[in-house]
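# Descriptive structure summary
Residues per chain, in single letters:
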Amino acid sequence: MKQLSILGSTGSIGRQTLEVVEQFPEELKVVALAAGRNRDDFLKQCLSHRPRVVSLELEEDARWLREQLPGQYHPEIYFGLNGLVEVATCSEAAVVLTALSGAVGLIPTCAAIEAGKQIALANKETLVAAGEYVTGLAAKNKVQLLPVDSEHSAIFQCLHGESKLWVRRIILTASGGPFRQLDQKALSRVTPQMALKHPNWSMGQKITIDSATLMNKGLEVIEAKWLFDLDFAAIDVVVHPQSLIHSMVEYGDGSILAHLGIPDMRIPIQYALSYPDRWFNSLPRLGLTEIKALTFEQPDTGRFPALALAYAAGKEGGTAPAVMNAANEIAVHAFLAGEIQFLDIPRVVEKTLNAHQTFKPSSLEEIIEVDGWARKRAVQFLTNI
Ligand SMILES: NC(=O)C1=CN([C@@H]2O[C@H](COP(=O)(O)OP(=O)(O)OC[C@H]3O[C@@H](n4cnc5c(N)ncnc54)[C@H](OP(=O)(O)O)[C@@H]3O)[C@@H](O)[C@H]2O)C=CC1
Ligand SMILES: CC(=O)[C@@H](O)[C@H](O)COP(=O)(O)O
Ligand SMILES: [Mn+2]
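Residues numbered from 1 in each chain as written. Chains lettered and ligands numbered in written order. Predicted model: local features only at pLDDT ≥ 70, side-chain atom pairs only at ≥ 80, totals over all residues.

- Looking at an unreviewed UniProt entry, one finds the chain named 1-deoxy-D-xylulose 5-phosphate reductoisomerase, with Desulforamulus ruminis as its source organism.
- Under the heading Function (unreviewed entry), UniProt records this for the chain: "Catalyzes the NADPH-dependent rearrangement and reduction of 1-deoxy-D-xylulose-5-phosphate (DXP) to 2-C-methyl-D-erythritol 4-phosphate (MEP)."
- Under the UniProt heading Sequence similarities (unreviewed entry), the entry covering the chain gives this text: "Belongs to the DXR family." (UniProt positions renumbered as here; feature names shortened; annotations may be inferred.)

Here is the structure:
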């Protein structure tokens, strides 16, 4: 029986993780849960899974939760960043599934690693902001970072058992998002409502907007660099609108190994939790004879500059990816709030990056400080874009 903590249990990945847990009651048990502000759904999750340690973002919601729970169930209840750390380091948990959205996941993920927990990582922003620090910490604590992100899970599986020496490149697939075929003029008019309609995946709001700008693929390029210890020259992106091939590895001998499956995050979530085993499930199967086409295109970084910004920030290294990520979080939030236009998102990111003098951070505190600086600077650009 694997005991599990989930950070971000009320989100898209968090809920699907709980579905996987419910499918495998003999193999998986939830011992700690953390969420943000959706206290009603969190209460239901607590009543159903009875974790020993729980946390919500706000103190008043933590107090409310205590009042709602029945007399015979007394979990430890926390709130805020300290609560996320308590859930991440819950003593019985062997695995922590990180499904927070954004760099708020950084501190609790590092705490989990220091506590020796295996990490099932969905929260890609943590690796983007602090990839060198987090992978170094994981190596020091002999902790494995198991990918949950569909592309990285696919690559992890295609790399299985092979030496990195034989790899020529990895190829991340991108759906291209809902605006793949729109010209610049049409892109300037898209609304949050339009951008929230991903063609293939049902996900949280932030990642759905990132998919529409192609920043999601940029974040994934940096995530892949750190997860698989590759040079950026060995990480390519190809647009594959069907999202059936989840990514590929090309070996030096010309062989390409691809991972296929229906676009359903419960599959990579389950694999990260069952690894190194593979459990049978009853999810719908990919009907090979029903596939009409598997097509591929070059990403267009003219219309979608966020991907090029991410490659540039990744190659620059140091604090640049943390700045890019923080500025992107601010810009996406502002777009969703109707404060800026869709095409302003990469502009805010670029301006914030240009205002920053990159350096090599020497501690987690420095990365967090830079993240805070970038957020403040990006807010200033929102009204001046
Ligand atoms: N959704 C998907 O299919 C995929 C997602 N990912 C990655 O996984 C991560 C999660 O994505 P997704 O599930 O879509 O995101 P959601 O927005 O759906 O969920 C985010 C979760 O984090 C919680 N949360 C956010 N901020 C805080 C905070 N300050 N304190 C405590 N809890 C907080 C939310 O709580 P609440 O809702 O209660 O406020 C919610 O439970 C992201 O990094 C994303 O890029 C990767 C691949 C696929
Ligand atoms: C499901 C998943 O892993 C997402 O990251 C997804 O890949 C987003 O789709 P895009 O390919 O459109 O970014
Ligand atoms: Mn992905």
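## Considering the sheet that holds strand β2 (residues 28-34)
- Read from one edge of the open sheet, seven strands run β4-β3-β2-β1-β5-β6-β7, paired in parallel fashion. Two strands close off the open sheet at either side, each with one partner strand: β4 (76-79) and β7 (145-147). Here the average twist between neighbouring strands, direction ignored, is 25°.
- Bridge count between strand β3 (residues 53-56) and β4: four bridges; the pairing is parallel. Across the sheet, the residue bridging to Val53 is Glu76, located in β4.
- With respect to the sheet, helix α1 (residues 12-23) is in contact with β1 (2-7), β2 and β5 (95-98), its orientation differing from that of β1 by roughly 165°. (Pairing = 2+ DSSP bridges. Helix = DSSP H or I, 4+ residues; strand = E, 2+ residues; numbered from the N terminus. Axes fitted to C-alpha atoms, helices over the stretch in contact; angles between N-to-C directions. Contact = placed C-beta atoms within 7 Å.)

## Quick look at the environment of Glu151
- Structurally, the position occupied by Glu151 is in helix α7 (residues 150-158).
- Under the C-beta neighbour-count criterion, Glu151 is labelled buried, with 28 such atoms within 10 Å.
- The sequence separation of Glu151 and Thr17 amounts to 134 residues, and the corresponding C-alpha distance is 17 Å.
- If we skip the residues at most four places from it in the chain, Glu151 touches Leu172, Thr173, Glu220, His246 and Ser247. (Buried ≥ 20, exposed ≤ 12 C-beta atoms within 10 Å, placed from the backbone.)

## Overview of the domain arrangement of the chain
- Domain boundaries in the chain define domain 1 (2-148), domain 2 (152-263 + 288-304) and domain 3 (317-385).
- Taking only C-alpha atoms into account, the centre of domain 1 sits 26 Å from that of domain 3.
- Every contact between the two is made by nine residues of domain 1 and, on the other side, eight residues of domain 3.
- No other element matches the six residues that helix α6 (residues 124-140) contributes to the side of domain 1 that touches domain 3.
- By residue class, the composition of the side of domain 1 that touches domain 3 is six nonpolar, two polar and one charged. (Domains from an automatic or database assignment. Nonpolar A, V, L, I, M, F, W, Y, C, P; charged D, E, K, R; others polar.)

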